[in-house]
Number of protein chains: 2
Amino acid sequence: MSNAWVAEVVVMPKAGVNDPQGEAILGGLHDLGYRAVSRVRAGKQFRVEIDAENEAAARNAIAEMSDRVLANPVIEVYEIESLTPLTGAGAER
Amino acid sequence: MSNAWVAEVVVMPKAGVNDPQGEAILGGLHDLGYRAVSRVRAGKQFRVEIDAENEAAARNAIAEMSDRVLANPVIEVYEIESLTPLTGAGAER
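Predicted model, so just to flag it, every value in this text is computed and none were measured. (Residues numbered from 1 in each chain as written. Chains lettered and ligands numbered in written order. Predicted model: local features only at pLDDT ≥ 70, side-chain atom pairs only at ≥ 80, totals over all residues. Heavy atoms only, no water.)

Novice: Looking at this model, I keep getting lost on the interface of chain A and chain B. Mind explaining?
Specialist: Size of an interface: often given as the accessible area lost when the parts come together. Contact with chain A, which involves 32 residues of that partner, is made by 32 residues of chain B. Surface buried jointly by chain A and chain B totals about 3000 Å² across both partners, of which 56% is contributed by carbon and sulfur atoms. On the chain A side of the contact with chain B, A:Tyr34, A:Arg39 and A:Gln45 bury the most area, a combined 22% of that side's loss. Inspection of the region where chain A meets chain B yields two salt bridges. A:Glu49 is the partner of B:Arg39 in a salt bridge, and the nearest nitrogen-oxygen pair spans 3.4 Å. If you look at where chain A meets chain B, you find 14 residue pairs in polar contact (both at pLDDT 80 or more). Mapped onto the side of chain A that touches chain B, the elements with two or more residues apiece are β1 (3-13), α1 (20-31), β2 (37-52) and α2 (55-70) of chain A. Top contributing element to the side of chain A that touches chain B by residue count: β2(A), with 15 residues. (Contact = heavy atoms within 4.5 Å. Buried area = accessible area lost by both parts, 1.4 Å probe. Salt bridge = Lys/Arg side-chain N within 4 Å of Asp/Glu carboxyl O. Polar contact = N/O pair within 3.5 Å; in protein donor to acceptor, adjacent residues only side chain to side chain. Helix = DSSP H or I, 4+ residues; strand = E, 2+ residues; numbered from the N terminus.)

The analysis is restricted to geometry; functional conclusions fall outside its scope.
What follows is the structure, given as structure tokens:
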């Protein structure tokens, strides 16, 4: 039997890697008067719904597609923040 | 006294709002053979470091700049996923 899972994957620039988007947002915040902000790092968040036999299979598939598609491993790191069964209430269809 | 805080802010397209980036990623995953993926929603994740007198002041400032800069409230929703004191170990400088 196959079940539906939903994963939250966060992709962030690696520490030490230049982040022009984050720097642009920091500059914009300063221009708007938010001088107390000292640093911004900008990344991506993905919500992926997948059918898999069990949680381990779902996690393996999500990790593989994160490495291949969602993140660029040269300059980014990803983290599977959560992996939970997809219930009707959370489906948002 | 002012303290440093770090906030993680997630910005996602609202339910029902078209998400062309998520749809493009879903199509790419299918082309690569990940047919078990049924849906992808793509959003943004921001890590914001800010000086504030206390946690409430930090949260208020982060919420205001999320509304004004980080998210477009017409089509996106934001969530302050976490707000924690910035320690030396977490500073990543």
